[in-house]
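# Structural overview for review
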Amino acid sequence: MAEAKKSKRPRGTVVISVELCKGCGFCIAFCPSAVLEFSEMFNSKGYHPPHAVNPDACIGCDLCGMYCPDFAIFGARVTREVA
Amino acid sequence: MSAKNPRNQYLRTERMPNIWCPGCGLGTAVNCFISAIEDCETPLDQISVVSGIGCTGRVAGYLKLDSFHTTHGRPIPFATGLKLSNPKLKVVVFSGDGDLFAIGGNHFIHAARRNMDLTIICVNNFTYGMTGGQVTPTTPIDAFSSTTPYGNIEEPFNLPFLADCSGAVYVARWTVFHVRQAARAMREAMHKNGFSFIEIISPCPTLYGRRNKIGDGLKMMQAFKDNSVIADETDTRNVALDFRGKIICGKFVDREKTSFLDMYNIKMAERFGPFYEPYEGIK
Ligand code: SF4
Ligand code: SF4
């Protein structure tokens with residue numbers, strides 16, 4: 001997972017279960033903030049799961065989670081307690 | 001990061017990964033349903049899901065609710081029995097176009113005619129996925145399937161129209177691209193007292209998309225996005241789908257009608273007067 005820049009506090013976060021992914025690309029295509037990209041890695045089934053290339057832009061809308069047919073990703077809003 | 005997907009509490013995670021092909025829209029339709037039940041006030045033990053046979057038939061097995069995977073075409077009769085024996089249940093039928101409208105076609109029109117209090121979610125992918133991509137009653141004219149190698153020549157059903165004229169009280173259509181709208185429609189449909197019907201257009205990239213040169217699941221989703229027109233309250237006579245035409249989405253019908261059970265109690269009370277005790281399920 002790409003490391004988030006310290007300066008900006010993300011409003012959302014995205015969590016990916018790489019082993020469940022079948023590489024359909026729905027989350028990448030329909031994320032409204034262009035957070036995701038296919039990664040170079042393979043999972044054990046031979047698919048390229050997504051990774052967050054732009055995690056700071058994530059708004060935690062969970063559209064990726066709504067689209068993912070394999071229940072392999074979800075987004076959540078981050079509460080403000082961590083600086 | 002080890003946080004758990006909040007959907008997992010509604011899923012039989014021990015059965016994951018699911019059997020659906022990469023890019024199949026069925027899992028997305030399940031997400032819409034989970035989102036619909038998540039913020040619905042009905043307790044989960046009062047929601048049950050019934051599926052028939054086919055790729056969509058697997059839904060009953062993946063949801064962690066009281067669910068039943070019936071024989072081919074028979075989810076509606078099973079659901080009818082379930083509803084009548086325990087009217088407190090919200091009974092949802094989640095099945096495919098082939099199951100509900102080919103072998104199960106008669107059950108569909110009669111449950112709608114009786115206004116049985118069921119919610120029918122039909123995932124329409126225009127083909128029989130599980131058995132190798134044969135033509136179904138919803139395959140558009142000219143579409144290729146394994147049994148129509150020169151293109152389909154049969155007129156398909158217009159499902160919202162069929163539901164509407166059979167008597168459904170709620171009729172909507174969305175594609176799996178419209179996740180939020182589909183979830184909202186499912187929630188609304190479950191709250192209707194009577195027969196409600198939602199058609200969810202979904203990609204079957206493996207057997208329909210590939211054979212018809214539409215491309216993979218993502219390309220099919222993009223096509224739904226580009227070709228759909230949202231027009232609530234359109235007359236259902238005008239929402240038929242053709243091979244590459246527009247997909248009219250929205251809520252087409254929302255009306256009130258006495259449900260089967262209410263009608264039963266009203267009519268029996270008329271007949272037997274004070275001696276009649278309203279039926280509220282098997283004691
Ligand atoms: S939660 Fe929303 S913004 Fe964040 S990755 Fe998912 S789709 Fe993109
Ligand atoms: S055959 Fe078609 S409907 Fe069945 S899982 Fe594969 S893509 Fe989905």
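Here's a quick rundown of the structure. Just so it is clear, the model here is predicted, and its values are computed rather than measured.

Within chain A, the regular secondary structure consists of two helices and four strands. Counting from the amino terminus, chain A carries its helices and strands in the arrangement β-α-β-β-α-β. Classification of the 83 residues of chain A by burial places 47% in the buried group. In chain A, the share of contacts with a sequence separation of at least 24, taken over all contacts with a separation of at least 6, comes to 56%. In the structure as shown, chain A presents an accessible area of about 4500 Å², 56% of it carried by carbon and sulfur atoms.

Attention now moves to the overall build of chain B. Of the regular secondary structure elements, chain B holds 10 helices and eight strands. Compactness check: chain B gives a C-alpha radius of gyration of 19 Å against a globular reference of 19 Å for 283 residues, within 12% of the reference. When its C-alpha atoms are laid out on the principal axes, chain B stretches across 65 × 50 × 35 Å. Residue burial in chain B is summarised as follows: out of 283 residues, 54% are buried. Looking at chain B alone, contacts between residues at least 24 apart form 68% of all its contacts between residues at least 6 apart. Summed over its atoms, the accessible surface of chain B is roughly 12400 Å², and 55% of this surface lies on carbon and sulfur atoms. Charge-centre separation for chain B: the mean point of 31 positive side chains lies 4 Å from the mean point of 27 negative side chains.

Taken together, the neighbourhood of ligand 2 is formed by B:Trp20, B:Cys21, B:Cys24, B:Cys55, B:Asn125, B:Gly129, B:Cys204, B:Pro205, B:Thr206 and B:Leu207. Taken together, the residues of the shell around ligand 2 sort by class into seven nonpolar, three polar and no charged.

Next up on the list: the pattern of salt bridges. Where charged atoms of side chains with opposite charge meet at close range, the side chains can pair. Residues and elements named next belong to chain B. Counted according to the given criterion, the structure contains 11 salt bridges over all chains. Where Glu199 meets Arg173, a salt bridge forms, and the shortest distance between an N and an O atom there is 2.8 Å. Of this pair, Glu199 sits in strand S6 (residues 196-201) while Arg173 sits in strand S5 (residues 170-175); the two residues are 26 residues apart in sequence, bridging distant segments of the chain. Assessed through its relative accessible area of 1%, Arg173 is described here as buried. In the salt-bridge network here, residues are joined through shared partners; they are Glu188, Lys192, Lys251, Asp254 and Glu256.

Bringing helix H10 (residues 260-272) of chain B into the picture now. In this model, H10(B) (13 residues) spans 18 Å end to end at C-alpha, consistent with the 18 Å of a helix rising 1.5 Å per residue. Two residues or fewer past H10(B), B:Gly273 is found with a positive phi of approximately 60°.

So, on to the side chain of B:Ser228. Residue and element names in this part refer to chain B. Position of Ser228 among the secondary structure elements: in strand S7 (residues 228-230). Within the structure, the side chain of Ser228 is placed 3.4 Å from the side chain of His178, a separation counted as a polar contact. For Ser228, the side chain forms a polar contact with the main-chain oxygen of Phe224, separated by 2.7 Å. If we skip the residues at most four places from it in the chain, Ser228 touches His178, Ile247 and Cys249.

For the rest of this paragraph, the subject is the site of ligand 1. Contacts to ligand 1 come from 13 residues, most closely from A:Cys31, A:Cys58, A:Cys61, A:Asp62 and A:Cys64. Of the residues that constitute the shell around ligand 1, the class distribution is nine nonpolar, three polar and one charged.

Listed per partner, the contact involves 32 residues of chain B and 25 residues of chain A. Between chain B and chain A, a total of about 2300 Å² is buried, with carbon and sulfur atoms accounting for 66% of that surface. Between chain B and chain A we count one salt bridge in total. Measuring nitrogen to oxygen at the nearest pair gives 2.7 Å for the salt bridge that ties B:Arg7 to A:Asp62. Linking chain B with chain A are 11 residue pairs in polar contact (both at pLDDT 80 or more), by the criterion used here. Of all elements in the fold, only helix H1 (26-38), helix H7 (179-191) and helix H9 (217-227) of chain B reach the threshold of two or more residues within the side of chain B that touches chain A. Here the element with the most residues in the side of chain B that touches chain A is H1(B); it accounts for six residues.

Another aspect to go through is the sheet that holds strand S3 (residues 90-96) of chain B. All names here are of chain B. Here eight strands make up an open sheet; going across it, the order is S2-S1-S3-S4-S6-S5-S8-S7 and the pairing mixed. Edge strands, defined here as strands with exactly one partner in the open sheet, are strand S2 (66-69) and S7. Between one strand axis and the next, the sheet turns through 20° on average, direction left out of account. Bridge count for strand S1 (residues 47-51) against S3 is four bridges, and the pairing is parallel.

Calculation rules
- Residues numbered from 1 in each chain as written.
- Chains lettered and ligands numbered in written order.
- Predicted model: local features only at pLDDT ≥ 70, side-chain atom pairs only at ≥ 80, totals over all residues.
- Heavy atoms only, no water.
- Helix = DSSP H or I, 4+ residues; strand = E, 2+ residues; numbered from the N terminus.
- Buried < 20%, exposed > 50% of the residue type's maximum accessible area, 1.4 Å probe, protein only.
- Contact = heavy atoms within 4.5 Å.
- Areas by Shrake-Rupley, 256 points an atom, 1.4 Å probe, with all protein chains shown as cover.
- Rg over C-alpha atoms; globule rule 2.2 N^0.38 Å.
- Lys, Arg positive; Asp, Glu negative; His and termini not counted.
- Charge placed at Lys NZ, Arg CZ, Asp CG, Glu CD.
- Near = heavy atom within 4 Å.
- Nonpolar A, V, L, I, M, F, W, Y, C, P; charged D, E, K, R; others polar.
- Salt bridge = Lys/Arg side-chain N within 4 Å of Asp/Glu carboxyl O.
- Expected span 1.5 Å × (residues − 1).
- Polar contact = N/O pair within 3.5 Å; in protein donor to acceptor, adjacent residues only side chain to side chain.
- Buried area = accessible area lost by both parts, 1.4 Å probe.
- Pairing = 2+ DSSP bridges.
- Axes fitted to C-alpha atoms, helices over the stretch in contact; angles between N-to-C directions.

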